[in-house]
Amino acid sequence: MASVVSQSDLKDANFRNSCANNVTTNNNNNTMLERIALASYPRSGNSLVRRLIESITGVVTGSDTKPGRGMAELLRNNGLIGEGETSKEKVWVVKTHFPERTGWQKFKVQRAILLIRHPINAIKSYFHMQLTATHHLSLDPTEFEHLSKVWNDHVILETEIWKEFHKYWLTRDIPVIIVRYEDLLVNRESEMKRLYRFLYRTGNDDNVVYSERLLNAIKDLTSGHVYKPRSANVEPNFEHYTEDQKQYVLGQCQDFLYHFGYLRRDSEQNVDTATSTN
């Protein structure tokens, strides 16, 4: 895996400036004076993307999660050593779930990476995380029956939150790149190059010269590994959803599913047969 700066470097006030010297780009380092939000609804793959960004840039990513919290420490112990950091002197890209929740520190951003995942999979994965208090463990399938009311309330509430979260970031007056979690699973090289071009403002022409660090990260099959995910589905997995719950989520999120490319307006498929397109 491509190395990133050490935890001792993270304590250095000149942390980001020293990192810039280890990154080959076509531009000057002014882009690193910004902060970029990595915005995602929970369980949409932000840990994967953080590690990929660190592989690409050599700079640790931050988050607005309060240091010392249980799952934040789990991420830190699994290599995301910038967990809890938002200072522009220390980190460039900062994970946030705002406005789904407010982080422990407010910070301004000049650009954003909007990471999305099909709501059917994200909402269910979030239920697992809330009840197991882990990033990787799953409930026993029988618990969905025992906790049927809790599960149903979760589906209704989180569907609305999922919609409002994405509406918020799609209407910000800053440059935003949309990255689908599913595309990272099936076409990682292309998506990593898209992220590189966005981060370093190289433009989208065919003459972009990619850094050796990026090319090595693409070849490294372990890049992006933080912990073993409980699942990594490309298609929506409707297990544990009743038919009414399934139709509710797909119906409420239909406009977003079209906008993000999970549904095609020129096809005859309806909400009931929604699949992910890649």
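Since we're looking at a predicted model, the values are computed, not measured. (Residues numbered from 1 in each chain as written. Predicted model: local features only at pLDDT ≥ 70, side-chain atom pairs only at ≥ 80, totals over all residues. Heavy atoms only, no water.)

### So, the pattern of salt bridges
Inference 1: Enumeration according to the criterion identifies 12 salt bridges in this entry.
Inference 2: Of the charged contacts, one joins Glu34 and Arg201 as a salt bridge, the two residues approaching to 2.6 Å between their closest N and O atoms. Here Glu34 is found in the loop between helix H2 (15-20) and strand S1 (36-40), whereas its partner Arg201 is found in the loop between helix H9 (188-200) and helix H10 (212-219), with 167 residues between them in sequence.
Inference 3: Residue classification places Glu34 among the buried residues on the basis of a relative accessible area of 12%.
Inference 4: Residue classification places Arg201 among the partly exposed positions, given a relative accessible area of 42%.
Inference 5: Ionic pairing is found between Lys193 and Glu189, a salt bridge with its closest N-O pair at 3.1 Å. Of the two residues, Lys193 and Glu189 are both situated in helix H9; the distance of four residues between them amounts to about one turn of the helix.
Inference 6: Residues joined by salt bridges that share partners form a network here, namely Glu34, Arg111 and Arg201. (Salt bridge = Lys/Arg side-chain N within 4 Å of Asp/Glu carboxyl O. Helix = DSSP H or I, 4+ residues; strand = E, 2+ residues; numbered from the N terminus. Buried < 20%, exposed > 50% of the residue type's maximum accessible area, 1.4 Å probe, protein only.)

### Side note on the pairing of S1
Inference 1: In terms of burial, S1 is largely enclosed, as five of its five residues are buried.
Inference 2: Going residue by residue along S1, you find Ile36, Leu38 and Ser40 tucked away on one face and Ala37 and Ala39 tucked away on the opposite face as well.
Inference 3: By the bridge criterion, four bridges tie S1 to strand S3 (residues 93-96) in an arrangement that is parallel. Pairing of Ile36 across the sheet is with Val93, part of S3.
Inference 4: Alignment of S1 against strand S4 (residues 111-116), held across five bridges, turns out to be parallel. Note on S4: the bridge partner recorded for Ile36 is Arg111. (Pairing = 2+ DSSP bridges.)

### Quick notes on the sheet that holds strand S2 (residues 62-63)
Inference 1: Pairing within the open sheet is parallel, and its five strands lie in the order S2-S3-S1-S4-S5. Looking along the sheet, the strands with just one partner apiece sit at the ends: S2 and strand S5 (176-180).
Inference 2: As defined by bridge partners, S2 adjoins S3 across two bridges and the pair is classed as parallel. Bridged to Gly62 within S3 is Val94.
Inference 3: Sheet strands in contact with helix H7 (residues 148-170) are S1, S3, S4 and S5, and its direction is about 150° off that of S4. (Contact = heavy atoms within 4.5 Å. Axes fitted to C-alpha atoms, helices over the stretch in contact; angles between N-to-C directions.)

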